Amino acid sequence: MERVYIFDTTLRDGEQAAGCHLSTVEKIQIAGALGRLGVDVIEAGFPVSSPGDFNSVVEISKAVKGPVICALTRCLKSDIDVAVEALRYASEKRIHTGIGTSDYHIKYKFETTRKEILRRAVESVRYARRFVPDVEFYCEDAGRTDNQFLAEVVEAVIKAGATVVNIPDTTGYCLPNEFGEKIAYLKGNVKGIDNVILSVHCHNDLGMATACAFEGVRNGARQVECTVNGVGERAGNTAMEEICMILKCHKNLGLDTGIVTRNIVKTSHLVSNLMNSPVQANKAVVGRNAFSHSSGIHQDGVLKHKETYEIIDPKDVGADKSNIVLTARSGRAALKTRLKRLGVDVSDSKMVDSIYSKFLKLADRQTYITDDDIVAISGIDHNAVMAVQILEHKVSSALGDGAVAYLKLSVKGSEKEATAVGNGPVDASIKALKQILGVDMTLQEFTIQSVDRGSDDIGKVYMQVLYNDGLYYGFSASSDIVLASLQAYIDAVNQFI
């Protein structure tokens, strides 16, 4: 297998997403996760841009060993000097310098000439090589740069000492085949191109970042610059998890990233939480629906043989398992599977038909069907199938003073109670639940949606709970949003207790 290097820019380009700001401590957390994920290069920041960014590069260089630590600069000696200082503790270091090469940038941004751009590019690479042996050069807006001039710039910086040359589609303008042809043109027309690593850095303005990056790799690029969850400026960057799983699924390409893919989901959640950037439900590989099936036809196929509708084993990316979501589109096969899990004998086909009829009527009225709903319409003993049940729940709160929650549960038939203080009624209720269960679990995602408008609105609550590296999903709906939140958490808990 030929190696494709993963250059992760979550902490630089990713943090440029509007509304995102990470502290140095948070950046170190993410950098550590990226190291465990197995990325080859971490672009830790743009040191000259702010004291905070400078300090982050310094501290990441101290804390993270293994990946190359990279710092971004412009084609300015002053930028490079600051980057060299910021990288002083890194055991493996890289300076990433560059300049705009498209006529749009040359004419309107720099108000100069191609000749001057070429001179500044060569000068900056030579200067950076005085301090580090590993220098990457980026041709900003290469996607809209004339191929002949781009080749001239690339050849010049290779002669000047660049070890990696980055070809960014900065505006996300290129069609995948056009971008692939650009990489192929450089591979065929630049002297010394085989002596450096050709890198691609694609943006998602037209939703084609991953496709363009893949076409770049297919045509000879051997480094992909990407971010976790595809976060970044404007519409974001190539999603790391997508490009890695494309290459892993298509082994016939003979390409491998070396990424520890079972850490992908865990890293995705960390980045999402720290960046306050929720992952869309249908996001490839890491979205909560990536391995969820609600169509009856799909559910039946997956239950018979997973590969009928799943090309990735959930465990390969660190997800716990496929998720059969019961909705109005679900069929008997999915319902029978859920009934079996709840301990119901499904050998009586007439009984199953009766339950299924009730199920469809209920599913037409509400979006999600929980285990409690199945228990209710099945007429089976609730106590026999639900390990954890709410017996009593009270909350009190005062403005600015947090909240107190009292909770009494039945846990496998035994009554237990606890009182907890939290930032609000939901937080206090969940803390009381954790006290009773004594289980180390983490709330990964918490979503509330309204069913109708009005003060007596019914709220639908979705929760995702992490336990022993497995993700469990819970749903509930109620006009009491605090109770619905607690019930959703318990719905998830009942998957593993």
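Residues numbered from 1 in each chain as written. Predicted model: local features only at pLDDT ≥ 70, side-chain atom pairs only at ≥ 80, totals over all residues. Heavy atoms only, no water.

Chemist: Quick question: what am I supposed to make of the sheet that holds strand β5 (residues 93-100) here?
Modeler: Remark on secondary structure: sheet strands pair via backbone hydrogen bonds, oriented parallel or antiparallel. Taking strand neighbours around the barrel as the criterion, the 8 strands line up as β2-β3-β4-β5-β6-β7-β8-β9 in a closed arrangement whose pairing is parallel. Averaged over all pairs of adjacent strands, the angle between their axes in this sheet comes to 25°, without regard to strand direction. Sheet topology note: the strand β6 (residues 135-140)/strand β7 (residues 164-169) ladder contains 3 bridges and is parallel. The residue of β7 that forms the bridge with Phe137 is Val165. This element, helix α5 (residues 114-129), spans β5 and β6 of the sheet and lies at about 170° to β5. (Pairing = 2+ DSSP bridges. Helix = DSSP H or I, 4+ residues; strand = E, 2+ residues; numbered from the N terminus. Axes fitted to C-alpha atoms, helices over the stretch in contact; angles between N-to-C directions. Contact = heavy atoms within 4.5 Å.)

Chemist: Whenever I open this one, the nonpolar core confuses me. Can you help?
Modeler: Note on soluble globular proteins: their nonpolar side chains tend to be buried together. Of all hydrophobic cores here, the largest spans 97 residues; its most connected members are Ile6, Phe137, Val154, Val165, Ile167, Val224 and Val317. If sequence neighbours within four positions are ignored, Ile167 has contacts with Cys139, Ala142, Leu150, Val154, Phe179, Lys182, Ile183, Leu186, Leu198, Ser199, Val200 and His201. With 27 residues, the next largest nonpolar core counts Val461, Met463, Ala484 and Ala492 among its residues. (Core = buried A, V, L, I, M, F, W, Y, C linked by side-chain atoms within 4.5 Å. Buried < 20%, exposed > 50% of the residue type's maximum accessible area, 1.4 Å probe, protein only.)

Chemist: Is there a simple way to think about the sheet that holds strand β15 (residues 414-422) in this case?
Modeler: Reading across the sheet, the 3 strands line up as β13-β14-β15 and stay open at both edges, with antiparallel pairing between neighbours. Across the chains shown, the open sheet's two edge strands, defined by having one partner strand only, are β13 (388-397) and β15. For this sheet, the mean inter-axis angle between neighbouring strands, taken without regard to orientation, is 15°. In terms of strand pairing, strand β14 (residues 403-411) meets β15 through 9 bridges, oriented antiparallel.

Chemist: What's the story with the pairing of strand β3 (residues 41-45) in this structure? I'm lost.
Modeler: The side chains of a regular strand alternate between both faces of the sheet. Of all 5 residues in β3, 5 are buried, a share of seventy percent or more. With 2 bridges connecting them, strand β2 (residues 5-8) and β3 associate as parallel partners. Residue pairing across strands places Asp8 opposite Ile42, the latter belonging to β3. With helix α1 (residues 24-37) bridging β2 and its parallel neighbour β3, the resulting β-α-β unit is right-handed. Inspection of the sheet shows β3 paired to strand β4 (residues 68-72) by 4 bridges, in the parallel sense. Along β4, the bridge assignment pairs Glu43 with Cys70. (Right-handed = clockwise from strand over helix to strand, strands pointing away.)

Chemist: Would you mind going over the packing of aromatic side chains with me for this structure?
Modeler: When we look at a pair of aromatic rings, we describe it by the centre distance and by the angle of the planes. Scanning the entire structure with this criterion turns up 5 aromatic pairs. Plain terms: the ring middles of Tyr356 and Phe359 are 5.9 Å apart, the flat faces sit at 25° to each other, and that makes the pair stacked. Of this pair, Tyr356 and Phe359 both sit in helix α13 (residues 349-365), 3 residues apart, which is roughly one turn of that helix. Summarising the burial analysis for this pair, Tyr356 and Phe359 share the class buried. (Phe/Tyr/Trp six-rings, centres within 6.5 Å; stacked < 30°, edge-to-face > 60°.)

Chemist: Please explain the pattern of salt bridges as it appears in this structure.
Modeler: All told, the structure shown has 26 salt bridges when counted by the stated rule. We note a salt bridge from Asp353 to Arg332, for which the minimum N-O separation is 3.0 Å. With Asp353 in helix α13 and Arg332 in helix α12 (residues 332-341), the pair connects residues that are 21 residues apart, well separated along the chain. Connected through salt bridges with shared partners, the residues Arg12, Asp13 and Glu43 form a single ionic network. (Salt bridge = Lys/Arg side-chain N within 4 Å of Asp/Glu carboxyl O.)

Chemist: Please clarify how helix α8 (residues 209-218) should be interpreted in this entry.
Modeler: Residue pairs three or four apart in sequence face the same way in an α-helix, which turns once every 3.6 residues. Most of α8 sits out of view: 8 of its 10 residues are buried. Among the residues of α8, those classed as buried are Ala209, Thr210, Cys212, Ala213, Phe214, Glu215, Gly216 and Val217. Structurally, α8 contributes buried residues whose contacts are with β7, α7 (176-189), β8 (197-202), β9 (223-226), α9 (240-249) and β10 (255-256). Looking one or two residues beyond α8, the residue adopting positive phi is Gly220, at roughly 125°.

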